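Analysis of the macromolecular model
These are the residues of each chain, in order.
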Amino acid sequence: MIEKIKNHLLVNKDKYILGVLLLLSFCLRVWYSSRDSLIWWDEAVYIGMGKHIATLGGIGFWEIFRPPFLPLVYAFLYKIHLPLILLGKAIVVLSSTGLIYFVYLLAQKMKEGAGIWAGLFLSITPVFFFFSKVPLSDITSTFIAVLSLYFFVNKKDFTAGLFVGIAFLTRFPQGLIIVPILLSLPYREYGKDNFYIKRVFYASLKIIFGFFVLLIPYLVSNYFLYGSALGPILLGSSIIS
């Protein structure tokens, strides 16, 4: 019996180590988030934008250079009368824990046994850990972008493009991940058969189509609201520069 348990642990050690890593990371982030009750300015802005959407401009305020995904989430939470600050922290804690998990999966695809080290080093990275308590777009958008990579590696191309679009609408610079994804397609699809170019072409179309499914409505709404489809993006870029 003891020998069977020992063999089982040896065969599945990576899974158990990953489980412990995720549990510890989650618990530490919950504890760390509960210690700080201060609200950051950008966090307050996203909450204010969510209330602005939910009340059709009745309360809150709007900054047009901000991407709309997080405000839409806050608008939904406000509509169903849930605590925005608490759930904002919950979203970023879950996103950071999920990010560790999917980094593990991607690293395992690259090299067997590398996943645990990748997840561990990410989990204890000081900047990553510090921002795991702040309900901003950084970690949430990175989690969504890594999800797009996961779907791309597993040849779920439309879904990969869709999540690139969501990442972009959460934090504009995250949309740039579509460039390495498209550049990696020829390598992913490489083969000496007659359908190689066709596979690359159709996979590219699926990714681009998935990306634009959400992007086009956003650009169209920008045009009607602000007179320029790219207005908020260009304004955000100019503010940073």
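This one's a predicted model, so the numbers in the text were calculated from it and none came from an experiment.

Rules of the game
Residues numbered from 1 in each chain as written. Predicted model: local features only at pLDDT ≥ 70, side-chain atom pairs only at ≥ 80, totals over all residues. Heavy atoms only, no water. Phe/Tyr/Trp six-rings, centres within 6.5 Å; stacked < 30°, edge-to-face > 60°. Buried < 20%, exposed > 50% of the residue type's maximum accessible area, 1.4 Å probe, protein only. Lys NZ or Arg CZ within 6 Å of the ring centre and 35° of its normal. Patch = residues over 30% accessible without salt bridge, like charges linked within 9 Å, V, L, I, M, F, W, Y side chains within 5 Å. Areas by Shrake-Rupley, 256 points an atom, 1.4 Å probe, with all protein chains shown as cover. Salt bridge = Lys/Arg side-chain N within 4 Å of Asp/Glu carboxyl O. Helix = DSSP H or I, 4+ residues; strand = E, 2+ residues; numbered from the N terminus. Arc of directions from axis to C-beta. pLDDT = per-residue confidence, 0-100.

1. Quick notes on the packing of aromatic side chains
- One pass over the full model with this rule turns up 18 aromatic pairs.
- Arranged with centres 5.7 Å apart and planes meeting at 70°, the rings of Y150 and F151 form a pair that is edge-to-face.
- Their ring planes at 45° and their centres at 5.1 Å tell us that F168 and F172 sit as a pair that is tilted. In terms of burial, F168 and F172 fall into one category: buried.
- These aromatic residues form a ring-pair network of at least three members: Y101, F102, F143, Y150, F151 and F163.
- One Lys or Arg, R66, reaches over the ring of Y46 and ends 5.4 Å from the middle of that ring.

2. Some details on a nonpolar patch on the surface
- A contiguous nonpolar surface patch, about 510 Å² in accessible area, is contributed by W62, I64, L225, Y226, L235 and I239.
- Those elements giving two or more residues to the nonpolar patch turn out to be α11 (196–226) and α12 (231–240).
- Take I64: it is sitting in the loop between α3 (41–54) and α4 (69–79).

3. Some remarks on α4
- By the burial criterion, the buried members of α4 are L70, P71, Y74, A75 and L77. Relative to the axis of α4, the buried residues are bounded by an arc of 165° and lie together on one face. Facing away from the buried side of α4, by more than 90 degrees, are the exposed residues F76 and K79.
- Just beyond α4, the residue with positive phi is H81, at close to 60°.

4. What to know about the confidence of the model for the protein chain
- In this model, the protein chain carries a mean pLDDT of 89, and residues with pLDDT of at least 70 account for 95%.
- By mean pLDDT, helix α1 (residues 2–11) is the weakest element of the protein chain at 56, and helix α9 (residues 157–170) is the strongest at 97.

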